[in-house]
Structures are given as C-alpha cells and as structure tokens.
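These are the residues of each chain, in order.
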Amino acid sequence: MELLTIGTFAKASRLSPKALRLYDELGLLTPARVDPLTGYRLYAPEQLDRARLVAWLRRLGMPLARIQQVCALAAGPAAEEVRAFWAQVEADTAARRDLAAFLVDHLSWKDPAVAPTAKPLGIRYAALSDTGLVRESNQDTVYAGSRLLAVADGYGSGGAPASAAAVDALKRLETDDVPAGNLLDVLEDAIDRAEQAVHGVSAPGPSPEDAGTTLTAMLWTGSQLALVHIGDSRVYLLRGGRLFQITQDHTLVQAMVDEGRLSPEEAASHPQRSLLVRALGQGADSTPDVRLRDARQGDRYLLCSDGLSAVVPAEEIRRVLSDASGPEHAVHELIALANDSGGPDNVSCVVADVMELQQ
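Anyway, here's the lowdown on the structure attached to this text. (Residues numbered from 1 in each chain as written. Predicted model: local features only at pLDDT ≥ 70, side-chain atom pairs only at ≥ 80, totals over all residues. Heavy atoms only, no water.)

## A few points about the nonpolar core
- Membership of the largest hydrophobic core comes to 26 residues, with the highest contact counts inside it found for Leu-170, Leu-173, Leu-187, Leu-215 and Leu-280.
- Contributing elements (two or more residues each) for this core: strand E6 (148–156), helix H6 (159–170), helix H7 (183–202), strand E8 (215–220), strand E9 (224–230) and strand E13 (289–294).
- The leading source of residues in this core is H7, at eight residues.
- In this structure, Ile-6, Ala-19, Tyr-23 and Leu-28 belong to the second largest nonpolar core, which totals 22 residues. (Core = buried A, V, L, I, M, F, W, Y, C linked by side-chain atoms within 4.5 Å. Buried < 20%, exposed > 50% of the residue type's maximum accessible area, 1.4 Å probe, protein only. Helix = DSSP H or I, 4+ residues; strand = E, 2+ residues; numbered from the N terminus.)

Take a look at the structure:
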C-alpha cells in the first residue's frame, strides 16, 4: 500500500499540515505510519474520506470534541448528530438575531414626545390567577400595572415564594424613570435582581435546587413594549384577528422540536414537555430572551403560565381574546377554559390592550 505524505494528504483533504498535526495529537486523525527516522506523518488513501468529513464539519463550526463523536458513529446516526448540531446553530443564530434586532430598535429609538403628530398610547389591563382543580396550592404569581405586566410560574418545594420574589423584584420598574437610552441596562439589572431574589428565598431549604420559577414580563415604555422571557410561560399577541405566539418555550421538548427530533404534535404529549432548560433557580440557566416591540392601537397581549397554554388549544385562546369585551372579561374566560379542560395546573393570565389615551 502506497502511503501519502502529509503535504499530499493535506492537499487532497483540504486540511492544512498544521491542522493534521493537531488532529493527530487529539487522536482525531491518526497517521497510518510515522517515519521513525524523520518523524514524517504518512497517511493511507482510505483515510481521505474521514479527513474530508472532518474538514467539512470544521467549516460548519462544529467543535473538535463533537467532531470526534460524529466520526465514531455509523452514517445514519452521524447524519442525525449533524442535523441536531445545525438546528442548535440556527436556534442560537435566531436568538442573536433577536438580540441584534432589539439593539437596533433600542439604539434608534426616538422619544414619541418629539413627534407631535403621534397619538399618545396607553394600556388597560387585568390579571387573574387560579389554583386550578388538581393542585393544592398556587405557585403562580401575576402582576399588572400601568407600566409592568408579569407572570411567574414557580416550581419545586419553594415555588410559590420563588415566583413571588421574582415578580416583586421587577415592581420597581413600575415607578422608576427608565430613559430610552438605558432600557437594555435596566432590563438586565431587573433580571439580575429577580435572580438574586429567587436564590434568596430558596437558599434556606434542604434542596435549594428544587425551587425556582419562570419569569415572563413586559415593560411599557410609552410607545413600545420591552419583553423579557425565561422559561415556558408565554406571550401571545392578537393583532388584526390573528394570534401570534411571540415567545419560545425554554423546555427540553421545544429544543428537541427545534433540532428536528420531535414534531410539534409529539411534543404536545411528551412526558417531559414541562422540563425546563432555562429558569430562575439554583444551578439553572437564567439567560433571558429580550425583545422590543412597537405598540399599535388595537393590539391585545396575553401573558400566561403553561396552566393555560398546555391544556387550551391556541384557536380557543384566539377566540376568547377576539370576543372578550375587555381585559377583565378575557382573563376570567381564559381561566374558566383551563378549568373546564380539567384544570390540572395553576393557571395565570394577564391581558393588556393598547389603546389611544384620551386627551
């Protein structure tokens, strides 16, 4: 068998000699033979397929440790692993795109007060929480004020105080002056306070990791709504009779859907559909999604815990939001729907309408 020099092999595989030496040291691409006198690495022609695969995976940006795992798999499982990796890349890119869009909006934001022709807008709102028909206590916390809307869904032995602490930590946003130029910093600080507050109430317990909460909140800035979201509570927007889910669940099952390993239909009945991958709690990933949304007169927003979204179909939610005369009517109807569907969990709703202020 005629072996290839490292230079020839590098040219054929589109990998540099430097990269080949690194992959040899890592055990990823070991030469067929090393000359005992010169130390030159020699490669067998049949190693080209593996080398080219490594080169392609590196172009995808896959880490070397994961490439090693892929190369150890048969073709079918290796393809699934590449598919899962790329789905995660796309999800990460989407998250960065959302943050970039937020920053563009944030940095180009103009105070509506300088535009005399703009109609002043405000919100009217209602909030309601219910234990449901199965749980013994309510671990949800809701809040609705003239500037702040929030839903938190506690879990574990200290879920109720955790959700309450998270929402309480945000309440200063109701009264603090928030300059447009400092909005991003204000939101980051608010999430930090909420995380510290949750850790503070969960630390004394015997199992602090068993207490935490989701947190989904919107801050009204006068013409825009700033959204922060961690967990699987949701925000829906009803606009022009159509319902849009504007948050993404931070759950293991949703990640599997994003990676193409589950269909949305399979996810809806998956036994681990409530397993969170992001939350406020000891040891949890508390990275929030942050967005900025322009407000339009006639928009209706719903913030809800999964006690509603997990049991009531989106079309029923849309119907109630479309038909309800006002936020107070809407929150009562939505909670009644959840309880009519068995009420297996605590259920909480905040509904807010964007409306023109009377001058």
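Further notes follow.
## A look at the sheet that holds strand E2 (residues 33–34)
- Taken together, the three strands give an open sheet; going across it, the order is E1-E3-E2, and neighbouring strands pair in antiparallel fashion. Either end of the sheet is taken by a strand with one partner, and the two such strands are strand E1 (4–5) and E2.
- With two bridges connecting them, E2 and strand E3 (residues 41–43) associate as antiparallel partners. In the strand pairing of E3, Arg-33 is matched with Leu-42. (Pairing = 2+ DSSP bridges.)

## Remarks on the packing of aromatic side chains
- By the definition in use, this model includes one aromatic pair.
- Measuring from ring centre to ring centre gives 4.3 Å for Phe-9 and Tyr-43, while their planes differ by 10°; the resulting arrangement is stacked. You can see Phe-9 sitting in helix H1 (residues 6–13) and its partner Tyr-43 sitting in strand E3, a full 34 residues away along the chain. Accessibility assignment for this pair places Phe-9 and Tyr-43 in one class, buried. (Phe/Tyr/Trp six-rings, centres within 6.5 Å; stacked < 30°, edge-to-face > 60°.)

## Some remarks on helix H11 (residues 314–323)
- Buried within H11 are the following residues: Ile-317, Val-320 and Leu-321. Burial along H11 is one-sided: seen end-on, the buried residues are contained in an arc of 95°.
- Elements in contact with the buried residues of H11: strand E10 (234–239), strand E11 (242–245), strand E14 (300–304), helix H10 (306–309), helix H12 (327–340) and strand E15 (347–356). (Arc of directions from axis to C-beta. Contact = heavy atoms within 4.5 Å.)

## Here we look at the pairing of E11
- Where E10 lies against E11, four bridges are found, and the strand directions are antiparallel. Looking across to E11, one finds that Leu-238 is bridged to Leu-243.
- Connecting E10 to the next strand, E11, in antiparallel fashion are two residues, including Gly-240 with a positive phi near 60°.

## Structural notes on H6
- For H6, built from 12 residues, the straight-helix expectation of 16 Å at 1.5 Å per residue is met to within 8% by its first-to-last C-alpha distance of 17 Å.
- Where H6 is buried, its residues meet strand E5 (140–144), E6, H7, strand E7 (211–213), E8 and strand E12 (280–281). (Expected span 1.5 Å × (residues − 1).)

## Observations regarding the pattern of salt bridges
- Applying the stated criterion across every chain yields a total of 12 salt bridges.
- Taking the shortest distance from any N to any O, the salt bridge between Arg-234 and Asp-249 comes out at 2.7 Å. Remark: Asp-249 occurs in the loop between E11 and helix H8 (252–258) and Arg-234 occurs in strand E10; sequence separation between them is 15 residues. Take Arg-234 and Asp-249: they sit in the same class, and that class is buried.
- Residue Arg-300 pairs with Asp-353 through a salt bridge whose shortest N-O separation is 2.6 Å. Residue Arg-300 is found in strand E14, and its partner Asp-353 is found in strand E15; the two are separated by 53 residues along the sequence.
- With a relative accessible area of 8%, Asp-353 lands in the buried category.
- A cluster of three or more residues bridged by salt bridges with shared partners is formed by Arg-124, Arg-300 and Asp-353. (Salt bridge = Lys/Arg side-chain N within 4 Å of Asp/Glu carboxyl O.)

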